[in-house]
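Residue-level structural notes
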Amino acid sequence: MSAAPSRLEQLLAFYADDPADPFTIYALATEYRAAEPLVAWEYYQKLLAEHPDYVGTYYHAGKLLEGFGRKDEAEQVYRKGLVVSRKAGQLHAASELQQALNSCLGLDYEDED
């Protein structure tokens, strides 16, 4: 009796069947993010290049870049994501990207009463 395939194995099989599906690429990036961030970054780069309208990419790609110490690149990803998310009418995503950008730029101060 064989074990059921892991989530990662299933995603890799989906990717092999359709390497252009942005949801599968995003899911793979998410799956790899904690344990293998460099592999995750490869998938995020593919999304940014081939599926620039996939709004969910920008926040996590920016955070990953920040984790790599690449704040200037993260800032550019957040800024591009803001344009894309607003154009798509995804205002919640735009709000999260604005907060991430502010934090990246050191502008995440608390309002004082």
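This structure is a prediction, so every number in the text was calculated from the model and none was measured.

**Some points on the overall build of the protein**
For the protein, the count of helices and strands is six helices and zero strands. Going from N to C terminus, the protein has its helices and strands arranged as α-α-α-α-α-α. On the principal axes, the C-alpha backbone points of the protein span a range of 65 × 30 × 25 Å. Out of the 113 residues belonging to the protein, those deemed buried represent 33%. Taking contacts inside the protein between residues at least 6 apart in sequence as the whole, the part at least 24 apart equals 40%. Summed over its atoms, the accessible surface of the protein is roughly 7200 Å², and 52% of this surface lies on carbon and sulfur atoms.

**Focus: the nonpolar core**
Ranked by size, the top nonpolar core spans 29 residues in total, and within it L28, W41, Y43, Y44 and Y78 carry the most contacts. When residues of this core are traced back to their parent elements, those giving at least two are α1 (7-17), α2 (22-32), α3 (37-50), α4 (56-67), α5 (71-87) and α6 (91-104). Filtering out sequence-adjacent residues up to four positions away, Y78 remains in contact with Y58, Y59, G62, K63, E66, L97, A100, L101 and C104.

Definitions and cut-offs
Residues numbered from 1 in each chain as written. Predicted model: local features only at pLDDT ≥ 70, side-chain atom pairs only at ≥ 80, totals over all residues. Heavy atoms only, no water. Helix = DSSP H or I, 4+ residues; strand = E, 2+ residues; numbered from the N terminus. Buried < 20%, exposed > 50% of the residue type's maximum accessible area, 1.4 Å probe, protein only. Contact = heavy atoms within 4.5 Å. Areas by Shrake-Rupley, 256 points an atom, 1.4 Å probe, with all protein chains shown as cover. Core = buried A, V, L, I, M, F, W, Y, C linked by side-chain atoms within 4.5 Å.

Any link to function would need more than the numbers given here.
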